[in-house]
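Summary of structural features
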Amino acid sequence: MPEKALQPAVVLVDGSSYLYRAFHALPPLATSDGRPTGALKGVTAMVRRLCKDYQPRYLAVIMDALGKNFRHDLYAEYKATRPSMPEELRDQVEPLKGIIEAMGIPLLVIEGVEADDVIGTLAAEAESQGLETLISTGDKDLAQLVSAHVTLVNTMNDEVLDVAGVEAKFGVAPERIIDYLALVGDKSDNVPGVPKVGPKTAVKWLQQYGSLDAIMESAADIGGKIGENLRGALDTLPLSRDLVTIRRELDLPLRVKELEPAAEDRDRLHQVFTDLEFRAWAEEYAAAPGDAQQPAAGAGQLEVDTVLDKAGLEKWVRALRKAGRFSFDTETTSLNYMQARLVGVSFAVEPGRAAYVPFGHDYEGAPEQLSAEVVLDALRSLLEDADLGKIGQNLKYDMNVLAGAGITLRGIGDDCMLASYVLDSTARHDMDSLAERRLGQRTIHFEDVAGKGAKQITFNRVPVEQAAPYAAEDADVALRLQRDLLAELEKTPALHGIYAELEIPLVPVLSRMERRGAALDCDALARQSDEIRSSLEELESEAFAMAGVEFNVASTQQLQDVLYNRLGLPVLRKTPGGKPSTNEATLLELAVDYELPRVILEHRTLSKLKNTYTDRLPEQVDPDTGRLHTSYHQAVTATGRLSSTDPNLQNIPIRRPEGRRVRRAFVARDGYRILSADYSQIELRIMAHMSGDEGLLQAFAEGRDIHRATASEVFGVPEAEVSAEDRRAAKAINFGLIYGMSAFGLARQLQLPRHEAQGYIDRYFERYPGVRRYMDETRESGRERGYVETLYGRRLYLPEIRARNGNRRQAAERTAINAPMQGTAADIIKRAMIDIDAWLEDRGPDAAMIMQVHDELVFEVREDLVEDVAAEVAARMAAAGELRSPLVVDCGSGMNWEEAH
């Protein structure tokens with residue numbers, strides 16, 4: 001962490017800046033009774049981290065006072081365009097103040113001025129006394145305070161700005177930041193600035209003329225429209241400069257040297273953190289003070305053994321085998337598991353001590369290392385031993401990389417990412433977040449050793465002396481996290497079962513699927529891309545003719561102008577910035593009455609299909625295997641469903657013929673066929689089981705067409721007389737209700753008046769009263785407990801189920817209804833995948849599972865075995881869930897995926 005090299009005597013925290021930024025940047029959290037806590041937790045975590053990292057002698061948190069300040073006297077429109085503080089944020093201000101005070105940190109809230117001015121005054125005083133000062137803020141305005149003895153740090157992204165850093169970021173030195181801000185203005189504060197002058201122009205002028213005064217004096221020499229704008233702003237520029245200037249000579253009630261932190265009020269903090277349901281922090285303050293003051297093992301005191309010779313390697317191999325269970329991590333050159341090259345491995349068997357074995361650092365001057373062959377040969381028997389438990393973070397990646405090196409990883413015991421996911425799928429599960437949240441430890445980040453952005457280097461070029469602590473820490477943290485997470489999982493047997501019986505066994509299954517990949521007909525996709533390109537050109541010509549002008553169809557700004565200014569279409573909704581919306585929902589509504597929005601939607605759909613799939617998929621084919629290898633993610637969705645990236649197989653738009661044609665490019669190799677096995681209406685069957693509705697259960701038990709049966713019930717006609725239109729409406733009702741669709745949403749989908757849609761819903765519930773009862777009970781249970789559960793006990797947390805904001809609360813209620821069904825479906829298909837994979841592994845290479853998409857499994861099967869494999873797969877999938885409404889699996893096969901499904 002770069003800023004740790006600083007040793008400031010004074011740390012000033014811009015509390016108001018962080019509160020707003022945390023509110024908008026961090027996931028929303030709430031207590032079980034609906035009180036918002038996301039921003040509160042984020043700011044508290046940052047303040048705790050600052051205290052731990054710097055331990056300054058003088059420390060204060062500064063926040064804005066409510067009401068107007070002297071800048072409103074200078075300019076009545078100051079901040080006039082800023083929206084009022086959201087209620088969910090306002091509710092977190094006083095609790096934050098209470099926490100700061102209980103931590104013993106001086107809290108300054110001065111009426112009539114802003115927090116920036118208080119910070120500026122304290123920083124100036126500290127500098128005059130020769131005290132090194134660190135200002136923790138996310139506000140660019142405070143860059144004007146930076147000097148040889150004043151530094152900024154943004155604790156949210158670890159950005160550090162000293163004098164050189166300010167100049168590198170803004171293009172001007174700190175003493176010119178005021179002039180820079182006056183020129184560009186500030187929309188959020190309603191500071192005028194110069195119209196159309198952005199950062200580039202402001203920097204250019206300041207570099208050319210030297211100061212704002214010089215620019216104003218030379219205004220007559222600046223040509224073009226921008227010069228006119230400058231001359232038009234000459235009267236207001238002095239005001240803009242005054243508004244952005246931070247005051248540094250306030251008469252404050254406290255001096256810098258009166259800002260020494262007091263002792264924490266541990267009892268109060270324990271009470272507050274318990275009330276706010278910050279469990280880890282509450283437990284920390286429930287411990288005896290002496291215990292709490294002991295740093296966690298590994299937090300700044302990790303013993304790192306860098307292994308560079310055979311004797312050291314052999315010693316660790318013996319220790320790992322003797323331990324019977326160890327954590328480990330691989331370091332590689334890439335996140336692409338098919339292309340990644342191993343650079344080193346790390347291990348730990350006890351907290352506080354870990355090893356790093358480098359063997360692929362090849363920069364100039366790198367120390368002599370053991371060869372990859374020697375290291376991997378020594379580790380092979382350990383890594384392939386199923387009786388030796390392995391602990392790690394996202395072990396599927398390590399499994400894939402090791403497979404590329406000829407090692408089959410066995411004995412996966414615990415994966416911290418998956419344990420965290422099962423405990424609360426709505427949290428963050430990366431190691432850095434887990435370590436900070438559960439261990440109170442700020443880990444070494446990859447960017448700390450490899451750099452950021454375009455200057456980032458691959459791990460083989462990271463110096464071994466920097467790589468070793470980073471890599472060893474990963475193994476140590478995984479070991480300590482595993483103990484913490486497993487202890488919590490074991491408190492709830494159902495959750496431990498989901499983790500141990502589903503998520504962990506699924507890891508090798510997904511690894512094998514990923515590495516097998518799928519064959520792709522790239523020529524077919526190239527032909528489709530050409531056809532889509534022609535269609536896009538035709539659609540653009542249509543759009544130009546309708547608009548009466550050529551424009552960039554992909555430009556939101558130009559589309560707004562065409563739709564609302566040239567054509568005068570009604571403004572149905574606006575963007576957060578107040579401009580007429582052109583999002584999909586708005587265009588869909590407009591397309592009912594106007595042709596151009598329909599053309600735009602069609603253009604967007606085809607363009608996305610081309611950019612995401614027909615153009616992109618061939619580029620993603622692995623050059624060594626000639627196949628497409630996706631990455632499946634177990635710890636992303638809130639409901640337990642798998643997701644995939646590079647490519648995202650879940651989002652191919654199969655409702656359109658163009659999307660289905662993309663599936664045609666997924667082909668079987670010679671002598672094989674693609675087999676698709678898909679659960680039929682699984683979520684509706686789960687609804688029937690969980691609701692116990694007799695009508696639904698009977699319809700499924702009799703094997704009736706559920707949508708036709710629903711249409712018969714809702715519209716009061718015999719099933720034989722149900723029209724295609726009625727069946728379509730019933731299908732929309734069936735699926736819409738399990739996703740919490742309202743009468744408004746159903747009316748829009750079916751293009752009906754809202755009262756008719758409401759009538760359909762009312763009749764549905766009359767015919768299926770068990771469904772209504774289930775939905776009502778599930779909502780209420782979600783409100784009471786803060787979570788709902790799948791049939792197998794997976795918990796799906798609802799942080800906003802008691803939110804005061806109606807839209808957020810209703811969204812959480814819709815999730816409460818659907819999540820148990822979607823999550824149960826996810827649990828069932830995972831059970832099926834584990835069972836089928838074990839069966840297929842015994843059969844050999846004549847059949848293999850290659851893809852999973854929603855409720856569908858895709859296989860590549862030797863052509864003479866398709867019928868036998870299909871029968872066995874369907875039977876195993878049907879047996880994966882014990883429901884009162886029997887599971888039905890539809891199977892199909894063909895030369896490609898489209899033919900099979």
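Please read these numbers as outputs of a predicted model, since none were measured by experiment.

Reading guide: rules and limits
Residues numbered from 1 in each chain as written. Predicted model: local features only at pLDDT ≥ 70, side-chain atom pairs only at ≥ 80, totals over all residues. Heavy atoms only, no water. Pairing = 2+ DSSP bridges. Helix = DSSP H or I, 4+ residues; strand = E, 2+ residues; numbered from the N terminus. Axes fitted to C-alpha atoms, helices over the stretch in contact; angles between N-to-C directions. Contact = heavy atoms within 4.5 Å. Parallel < 35°, antiparallel > 145°, perpendicular 65-115°, else oblique. Nonpolar A, V, L, I, M, F, W, Y, C, P; charged D, E, K, R; others polar. Buried < 20%, exposed > 50% of the residue type's maximum accessible area, 1.4 Å probe, protein only. Polar contact = N/O pair within 3.5 Å; in protein donor to acceptor, adjacent residues only side chain to side chain. Phe/Tyr/Trp six-rings, centres within 6.5 Å; stacked < 30°, edge-to-face > 60°. Salt bridge = Lys/Arg side-chain N within 4 Å of Asp/Glu carboxyl O. Core = buried A, V, L, I, M, F, W, Y, C linked by side-chain atoms within 4.5 Å. Arc of directions from axis to C-beta.

**Comments concerning the sheet that holds strand 12 (residues 412-415)**
Pairing within the open sheet is mixed, and its six strands lie in the order 7-10-9-8-11-12. Bordering the open sheet on either side are strand 7 (303-306) and strand 12, each of which pairs with just one other strand. Going across the sheet, the axis of each strand differs from the next one's by a mean of 25°, ignoring polarity. Across six bridges, strand 8 (residues 325-332) lies against strand 9 (residues 342-350) in antiparallel orientation. Across the sheet, the residue bridging to T332 is L342, located in strand 9. Helix 21 (residues 464-489) rests against strand 7, strand 8, strand 9, strand 10 (353-358), strand 11 (389-392) and strand 12 of the sheet, and its axis sits at about 45° to strand 9.

**Quick look at the packing of helix 34 (residues 754-767) against helix 35 (residues 769-785)**
For any two helices packed against each other, one specifies the inter-axial angle together with the distance between the axes. Interhelical geometry of helix 34 versus helix 35 gives an angle of 100° and a closest axis separation of 4 Å. With respect to each other, helix 34 and helix 35 are oriented roughly perpendicular. Each of D762, Y764, F765, E766 and R767 in helix 34 lies in contact with helix 35, whose residues at this interface are P769, V771, R772 and M775. Here the contact of helix 34 with helix 35 is composed, by residue class, of five nonpolar, no polar and four charged.

**Let's talk about the side chain of Q822**
By secondary structure assignment, the location of Q822 is in helix 36 (residues 806-843). Given the relative accessible area of 14%, Q822 is considered buried. A distance of 3.0 Å separates a polar atom in the side chain of Q822 from a polar atom in the side chain of T639. Discounting residues that sit within four places of it in the chain, Q822 has contacts with T639, R641, E683 and Y739.

**A closer look at the pairing of strand 11**
Neither face of strand 11 is open: one carries G389 and I391, the other K390 and G392, and all of them are buried. Bridge count between strand 8 and strand 11: three bridges; the pairing is parallel. Considered in strand 11, the bridge of F326 is made with K390. As judged from the three bridges shared by strand 11 and strand 12, these two strands associate in the parallel manner. The partner of G392 across the bridge, within strand 12, is D415.

**Structural notes on the side chain of D855**
Take D855: it is sitting in the loop between strand 21 (847-853) and strand 22 (856-862). Under the relative-accessibility criterion, D855 is labelled buried at 15%. The contact partners of D855, leaving out residues within four places of it in the chain, are R641, A677, D678, Y679, I682, A825, I829 and M877.

**Focus on the sheet that holds strand 18 (residues 672-679)**
Read from one edge of the open sheet, four strands run 21-22-18-23, paired in antiparallel fashion. In this open sheet, the two edge strands, each paired with only one partner strand, are strand 21 and strand 23 (889-894). Between one strand axis and the next, the sheet turns by 20° as a mean value, whatever way the strands run. Direction of pairing for strand 18 relative to strand 22: antiparallel, over a ladder of seven bridges. Across the sheet, the residue bridging to Y672 is R862, located in strand 22. Contacting strand 18, strand 21 and strand 22, helix 36 crosses the sheet at an angle of about 165° to strand 21.

**A look at unusual backbone geometry**
Omega for the peptide link from D646 to P647 comes to 5°, which places this bond in the cis form. Phi is positive for N190, close to 60°, though the residue is something other than glycine. Considering the arrangement of structural elements, one finds N190 in the loop between helix 7 (177-184) and helix 8 (199-209).

**Remarks on the packing of aromatic side chains**
Here the structure, examined in full by the defined rule, presents 15 aromatic pairs. With centroids separated by 5.7 Å and ring planes inclined at 70°, the aromatic side chains of F544 and F551 adopt a geometry described as edge-to-face. Under the relative-accessibility criterion, F551 is labelled buried at 8%. Measuring from centroid to centroid gives 5.4 Å for Y787 and Y797, while their planes differ by 55°, and the two rings are tilted. In this pair, Y787 sits in strand 19 (residues 787-789) while Y797 sits in strand 20 (residues 795-797), placing the two residues ten residues apart along the sequence. On the basis of relative accessibility, which here comes to 11%, the residue Y787 falls in the buried class. On the basis of relative accessibility, which here comes to 26%, the residue Y797 falls in the partly exposed class. Members of the aromatic cluster, joined through ring pairs, are F273, F278, W281 and Y285.

**So, the pattern of salt bridges**
Under the counting rule described, the total for this entry stands at 66 salt bridges. Residues R641 and D855 are paired through a salt bridge, measuring 3.5 Å at the closest nitrogen-oxygen approach. One end of the pair, R641, is in the loop between strand 15 (631-633) and strand 16 (643-645); the other, D855, is in the loop between strand 21 and strand 22, and 214 residues separate them in sequence. Here E789 makes a salt bridge to R785, at a shortest N to O gap of 3.8 Å. The class for R785 is partly exposed, based on a relative accessible area of 36%. One network of salt bridges, in which partners are shared, links R71, K79, E114 and D117.

**Details of the nonpolar core**
Soluble globular proteins tend to bury their nonpolar side chains together. F666, Y679 and F859 are the most contacted members of the largest nonpolar core, which totals 166 residues. Apart from residues lying up to four places away in sequence, F859 is in contact with R673, I674, L675, A677, I836, L840, A848, M849, I850 and V873. Core analysis: the second largest hydrophobic core is formed by 56 residues, V191, I215, V244 and I246 among them.

**Overview of the packing of helix 15 (residues 310-323) against helix 16 (residues 372-383)**
Remark: helix 15 packs on helix 16, axes separated minimally by 10 Å, with the N-to-C direction vectors making an angle of 10°. For the element pair helix 15 / helix 16, the angle class is roughly parallel. Within the contact between the two elements, helix 15 uses K310, L313, V317, L320 and R321 and helix 16 uses V374, V375, A378, L379, S381 and L382.

**Observations concerning helix 16**
Every buried residue belonging to helix 16 is among V375, L376, L379, L382 and L383, and all of these are buried. What you see down the axis of helix 16 is that its buried residues fit within an arc of 105°, all on one side. On the buried face of helix 16, the contacting elements are helix 15, strand 8, strand 9, strand 10, strand 11 and helix 17 (395-404).

**Section: the environment of P580**
Locating P580 in the fold gives a position in the loop between helix 24 (556-566) and helix 25 (584-590). Residues P580 and R831, spaced 251 residues apart in sequence, show a C-alpha to C-alpha distance of 47 Å. Apart from the residues lying within four places of it in its own chain, the contact partners of P580 are Q560, Y564, V571, R573, K574 and T575.

**Focus on the environment of A102**
Among the secondary structure elements, A102 is positioned in helix 4 (residues 87-102). You can call A102 buried: its relative accessible area is 1%. Measuring from C-alpha to C-alpha, the distance between A102 and A263 comes to 8.6 Å, with 161 residues separating the pair along the chain. Setting aside its immediate chain neighbours within four residues, A102 contacts E264, D265, R268 and L269.

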